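So the chains spell out like this:
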Amino acid sequence: MAGITYLNLPIIEPGLTQKLIEEGLKIPNYTMPGNFEAQLHGRPGITNSNTDNWGASLKQNYRGEVADGSIYKLPQQCVDDLIEQFQPYFKHDIFPTLVKFHNNTGEPMGDCGPHCDAWRTVGINYHLQLGGENVITCSYAQTRKDWSNLLTDGENAKYNDVDLLCEHHVPANTWHVLDVQRYHAVHNVEHDRIFVSLAYAEQIPYRDFLKQYSDLII
Ligand SMILES: [Fe+2]
């Protein structure tokens, strides 16, 4: 499927899953530019917050933080447990983080509009809590326009300027890799959507990642 590929990796065991959901719910809602989603995408937005467990070399390129500069850390035991279980499958270092999408709109559902991520080329994700029955991840035909600022900036697009390729209803407890330099969006977030995202210490194009890990692809 365009933009997303499922990976044949083991599930996160139930005890750790529960602990990670509890931690994910503690992540503060980072401040987002006022009316950003409404202005650019024309739809009510969500906040996108994550824990601070990026490696030092990745962190210097990463700017996400709450208003007072603090950032929530995933307990080291959770990080260690995830690295112990999943690092053996990867050729480069992984940095497990938790991400929370929060519907802050006051409406029943919020969306994250079409964008390409800052600094990373692939998102290796595993949903612990979906955040609603009908949350969908959309992939679009367009990819990042300006690669010169990949390490510092994401890109955003209006819905009118991107062409939908497919919609994915990604199930919980399933590892997958997302092409995050292809425009993508997440729609219909009702309540907190919590997922593990492995930061990957190589700027590898999505297609090359799939070739390199062909043995992991379902
Ligand atoms: Fe994204």
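Residues numbered from 1 in each chain as written. Predicted model: local features only at pLDDT ≥ 70, side-chain atom pairs only at ≥ 80, totals over all residues.

1. Observations concerning the nonpolar core
The condition is simple: Put simply, a nonpolar core is buried Ala, Val, Leu, Ile, Met, Phe, Trp, Tyr and Cys residues tied into one set by C-beta atoms within 7 Å. The exposure scheme places C-beta atoms from the backbone and then counts, for each residue, the other C-beta atoms within 10 Å of its own, assigning buried at 20 or more, exposed at 12 or fewer, and partly exposed in between. Where helices and strands are cited, they refer to DSSP runs of H or I of at least four residues and of E of at least two residues respectively, numbered from the N terminus. By definition, residues are in contact whenever their C-beta atoms, placed on the basis of the backbone, come within 7 Å of each other.
Formed by 38 residues in total, the largest nonpolar core has its most connected members in Leu98, Val122 and Val196. Per-element accounting of this core gives the leading share, 6 residues, to strand E11 (residues 193–200). If we skip the residues at most four places from it in the chain, Val196 touches Leu20, Leu82, Pro96, Leu98, Asn125, Tyr126 and Leu128.

2. Structural notes on the sheet that holds strand E6 (residues 136–143)
Operational definition: In short, DSSP must find at least two bridges between two strands for them to pair.
Sheet architecture is open: 5 strands sit in the order E7-E4-E10-E6-E8, paired in antiparallel fashion. Edge strands, defined here as strands with exactly one partner in the open sheet, are strand E7 (155–156) and strand E8 (164–168). Note that E6 and E8 share 4 bridges and pair antiparallel. By the bridge assignment, Cys138 is partnered in E8 with Glu167.

3. What about the pairing of E11?
For E11, a buried count of 8 out of 8 residues is recorded, marking the element as mostly surrounded by other parts of the structure. On E11, burial covers both faces: Arg193, Phe195, Ser197 and Ala199 on one face and Ile194, Val196, Leu198 and Tyr200 on the other are all buried. Relative to E11, strand E3 (residues 94–103) runs antiparallel, the two being bridged by 8 bridges. Bridged to Ile94 within E11 is Tyr200. As judged from the 5 bridges shared by strand E5 (residues 122–129) and E11, these two strands associate in the antiparallel manner. Directly across from Ile124, in E11, lies its bridge partner Leu198.

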